[in-house]
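Descriptive analysis of the structure
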Amino acid sequence: MKQIDVCLTFDFDAFSVWIGTFHARSLSALSRGEFGNVGANRLLALLADWGVRSTWFIPGHTADAFPGTVQKIAQAGHEIAHHGYFHERAKGAEDERRDFDRASAVLERITGRRPVGYRSPAAGLSANILNCLLERNFLYDSSLMGHDFSPYYCRVGDQAPSDGPFQWGRPTSLVELPFTWGLDDFPVFEHVWTRNGVNPGLAAPSQVYEIWVGDFDYLYNRLGQGTFILTMHPQVIGRGHRLLMLERLVQHMREHEGVTFKTMAEVAEEFRRMHPIP
Ligand SMILES: [Zn+2]
């Protein structure tokens, strides 16, 4: 029997990705983040039409900038998860902890709930943040790529010295719901210039559809069981031609028996129930 969980996840980065990751300050760059709010509202309408609940990874900076939209997302029954404050990479234990708690506090103030899940901005999970997640009793992370369609338990204490063999750490209670750039809309669609180079982006939706549906069909037809996690950004997927592609993909998935749309927290809780913590 087929049993496929599908998680539609949205990283609502808004301004923060341009400030934190790309260090851009022009009004044009910031306005790309502002469009994220337009995309978010379009997505909320689509999700309501489909009757699908999803998971939104929201930086504290976005929640402070668009509290009304974040409330609307939470009130529609979607899961709100942690995505840092400024969308920055690791910068030292003390700063990381402070930003982490600042972002949690903002989300709790606006939605009335503490997040239980985390995704590292730009997939840059640090050992410091992993420890933060464990100390604060988080349920899951979604920043690692050690599998594609199977959740697993995160380890602490892995060592990868450049002059000796890899050393395995010990597993923890934190569930990993794996991420992959291949199922992320940003690299394929977003046209970005930086000092270090150009990401051309602007792919045809048909090309991206082929990649995304290919992974889904492999999971469904060859494996039959697993979790399909799609990572999208309202400011990216929220453009018309891409939303039409997403509609087509969701339609395709819904035509398959045994496919259930779930939030990340639901999948992580089920994983813990089925696989006792080692
Ligand atoms: Zn992000």
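Every chain begins its residue count from 1, and numbering advances along the sequence as written. pLDDT decides what is reported in this predicted model: residues at 70 or higher carry local features, side-chain atom pairs at 80 or more are listed and counted, and totals for whole chains, interfaces and linings draw on all residues regardless.

1. Side note on the overall build of the protein
- Secondary structure elements follow DSSP: runs of H or I of four or more residues count as helices, runs of E of two or more count as strands, with numbering from the N terminus. Counting its secondary structure elements, the protein contains 11 helices and 11 strands.
- Atoms considered for the radius of gyration are the C-alpha atoms alone. The globule rule reads 2.2 Å times the number of residues to the power 0.38. Relative to the 2.2 N^0.38 estimate, which gives 19 Å for 278 residues, the radius of gyration of the protein is 18 Å and therefore close to what a compact globule would have.
- Seen through its principal axes, the protein has C-alpha atoms that stretch 50 × 45 × 40 Å.
- Residues with at least 20 neighbouring C-beta atoms inside 10 Å of their own are called buried, those with 12 or fewer are called exposed, and the rest are partly exposed, where every C-beta is derived from the backbone. Buried residues in the protein amount to 42% of all 278 residues.

2. Here we look at helix α5 (residues 93–111)
- Under the convention used throughout, the expected extent of a helix is 1.5 Å for every residue step, that is, one less than its residue count. With 19 residues, α5 ought to run about 27 Å at 1.5 Å a step, and its terminal C-alpha atoms sit 27 Å apart, in line with that.
- Among all positions in α5, only E96, D99, F100, A103, V106, L107, I110 and T111 are buried. One side of α5 carries all its buried residues, which in axial view fall inside an arc of 130 degrees. Of the exposed residues in α5, the ones pointing more than 90 degrees away from its buried face are E94, R98 and R109.
- In the core, the buried residues of α5 are packed alongside β2 (55–58), α3 (60–65), α4 (67–75), β3 (79–82) and α6 (127–135).
- Of the residues one or two after α5, G112 is the one with positive phi, at around 80 degrees. As used here, the arc is the angular range of directions from the helix axis to the C-beta atoms. By the convention adopted here, residues are in contact when the distance between their C-beta atoms, placed from the backbone, does not exceed 7 Å.

3. Overview of the nonpolar core
- Within the largest apolar cluster, 67 residues are counted, with the highest numbers of intra-cluster contacts made by W56, I58, Y140, M264 and A268.
- Residues in contact with I58, not counting those within four places in the same chain, are F12, A63, V70, I80, H83 and L107. In this description, a nonpolar core means buried residues of the types Ala, Val, Leu, Ile, Met, Phe, Trp, Tyr and Cys, linked to one another by C-beta atoms lying within 7 Å.

4. Let's talk about the pairing of strand β7 (residues 170–176)
- Two elements, strand β5 (residues 140–141) and β7, share 2 bridges in a ladder whose sense is parallel. For Y140, the partnering residue across the bridge sits in β7 and is V175.
- Here, a strand pair is defined by DSSP locating no fewer than two bridges between the strands. Sheet analysis places strand β6 (residues 152–156) next to β7, joined by 4 bridges and oriented antiparallel. Bridge pairing in β7 places Y153 opposite V175.

5. Considerations on the environment of V106
- Position of V106 relative to the elements: it lies in helix α5.
- With 20 C-beta atoms packed within 10 Å, V106 lands in the buried category.
- On a C-alpha basis, the gap between V106 and P67 in space is 9.5 Å, while along the polypeptide they are 39 residues apart.
- Every residue in contact with V106, bar those within four places of it in the chain, is listed here: G60, A63 and D64.

6. Here's the deal with unusual backbone geometry
- Positive phi outside glycine occurs at A123, with the angle close to 50 degrees.
- As for its placement among the helices and strands, A123 is situated in the loop between β4 (117–118) and α6.
- With a phi angle near 55 degrees, L202 is a residue other than glycine that sits in the positive phi range.

7. Quick notes on the packing of helix α2 (residues 27–50) against α4
- Two elements in contact, α2 and α4, have axes whose closest approach is 11 Å; the angle formed by their N-to-C orientations is 20 degrees. Taken together, the axes of α2 and α4 lie roughly parallel to each other. Between α2 and α4 lies a crossing whose hand is left-handed. Each of N37, A40, N41 and L44 in α2 lies in contact with α4, whose residues at this interface are T69, K72 and I73.
- Polarity classes work like this: nonpolar for Ala, Val, Leu, Ile, Met, Phe, Trp, Tyr, Cys and Pro, charged for Asp, Glu, Lys and Arg, and polar for all others, with Gly in that last group. Grouping the amino acids of the contact of α2 with α4 by side-chain chemistry returns 3 nonpolar, 3 polar and 1 charged. Angles run from 0 to 180 degrees between N-to-C directions of axes, and those axes are lines fitted to C-alpha atoms, restricted for helices to the stretch in contact. Any angle from 65 to 115 degrees is called roughly perpendicular, while one under 35 is roughly parallel, one over 145 is roughly antiparallel, and all others are oblique. Crossing handedness is read from the near helix: turned anticlockwise from the far helix by less than a right angle, it gives a left-handed crossing, and turned clockwise, a right-handed one.

8. Brief notes about α4
- Those residues of α4 not exposed but buried are T69, V70 and I73. Angular distribution of buried residues about the axis of α4 spans 100 degrees; they occupy a single face of the element. Opposite its buried face, α4 presents the exposed residues G68 and Q75, each directed more than 90 degrees away.
- Buried-residue contacts for α4 involve α2, β2, α3, β3 and α5.
- Looking one or two residues past α4, G77 carries a phi angle of roughly 95 degrees, positive in sign.

Taken by themselves, the reported measurements are silent on function.
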